[in-house]
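# Architecture and fold: a report
Residues per chain, in single letters:
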Amino acid sequence: RKEVEQDPGPFNVPEGATVAFNCTYSNSASQSFFWYRQDCRKEPKLLMSVYSSGNEDGRFTAQLNRASQYISLLIRDSKLSDSATYLCVVNILTGGGNKLTFGTGTQLKVEL
Amino acid sequence: NAGVTQTPKFRILKIGQSMTLQCAQDMNHNYMYWYRQDPGMGLKLIYYSVGAGITDKGEVPNGYNVSRSTTEDFPLRLELAAPSQTSVYFCASRNGGGPDTQYFGPGTRLTVL
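Overview of the structure. From a predicted model like this one, the values you see are computed outputs, not experimental measurements.

About the cut-offs
Residues numbered from 1 in each chain as written. Chains lettered and ligands numbered in written order. Predicted model: local features only at pLDDT ≥ 70, side-chain atom pairs only at ≥ 80, totals over all residues. Heavy atoms only, no water. Contact = heavy atoms within 4.5 Å. Buried area = accessible area lost by both parts, 1.4 Å probe. Salt bridge = Lys/Arg side-chain N within 4 Å of Asp/Glu carboxyl O. Polar contact = N/O pair within 3.5 Å; in protein donor to acceptor, adjacent residues only side chain to side chain. Helix = DSSP H or I, 4+ residues; strand = E, 2+ residues; numbered from the N terminus. Pairing = 2+ DSSP bridges. Axes fitted to C-alpha atoms, helices over the stretch in contact; angles between N-to-C directions. Phe/Tyr/Trp six-rings, centres within 6.5 Å; stacked < 30°, edge-to-face > 60°. Buried < 20%, exposed > 50% of the residue type's maximum accessible area, 1.4 Å probe, protein only.

### A word on the interface of chain B and chain A
Contact with chain B, which involves 18 residues of that partner, is made by 17 residues of chain A. Taking both partners together, chain B and chain A bury about 1500 Å²; carbon and sulfur atoms supply 53% of that area. Counting the surface chain B buries against chain A, the share from its top three residues, D100, F104 and R109 of chain B, is 31%. Where chain B packs against chain A, one counts zero salt bridges. Put simply, chain B and chain A have two residue pairs in polar contact (both at pLDDT 80 or more) between them. Counting residues per element, the ones that place at least two in the side of chain B that touches chain A are β4 (31-37), β5 (43-51) and β9 (87-94) of chain B.

Right, here's the structure in full:
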């Protein structure tokens, strides 16, 4: 089983739609959680951290369910500029320090 | 701040050649990382460093070497390049005493023919 699993998509949605991405992780010792955004042929950039209480940043809402080892990202009122790949990232504290494990990403295409 | 910079942006190597991918950061971060990303795959950790003079292997270290003589620089060395090393290489850094957020460089696209 992969450490971090995501539906690769692509998710093709019309502008203005609401879209949700899911992610599951296998290591219960995972400590912190993130969504990164990666544009085509570019580096990943932090979109938002994910907290147990859930957190919102404008049109983006992230949720964490530790019991089910499940993370979600909701994007409301999708814009063309939201088209990208969204990476679910899990941080595990190991003997060697923090280790980030990346999912393979979910591709989003927002269309007119 | 320039953030994390990487050179070169692109490179084509022949099998058996060697090269060094350069990475530098100007944020005084003590943690630095090298990842590779193959098409349709997640990022895989090659090597990381928690400070100058300290390096450790990640998930896929074979065929690579690193050094960390200064806080700013973390070069990745490929000896005897193989087609399996064709990938996009990202360097990242993080403030060890701060949030877990990693900041990535723009990447180096390497093709081994």
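### Topic: the sheet that holds strand β1 (residues 4-7) of chain B
Residue and element names in this part refer to chain B. Judged by pairing direction, the sheet is antiparallel, and its four strands sit side by side in the order β1-β3-β8-β7 without closing on themselves. Single-partner strands in this sheet number two, and they are β1 and β7 (64-66). In this sheet, adjacent strand axes meet at a mean angle of 20 degrees when their direction is disregarded. Two elements, β7 and strand β8 (residues 76-78), share three bridges in a ladder whose sense is antiparallel. Bridge pairing in β8 links V66 to L76.

### Concerning the packing of aromatic side chains
Each aromatic ring pair is characterised by the separation of its centres together with the angle its planes make. Residue and element names in this part refer to chain A. Under the definition given, this model contains 14 aromatic pairs over all chains. Look at F34 and Y36: their rings are 6.4 Å apart centre to centre, the planes differ by 70 degrees, and that puts the pair in the edge-to-face class. According to the relative accessible area criterion, F34 is buried, its value standing at 5%. Y36 gets classed as buried once you look at its relative accessible area, which sits at 0%.

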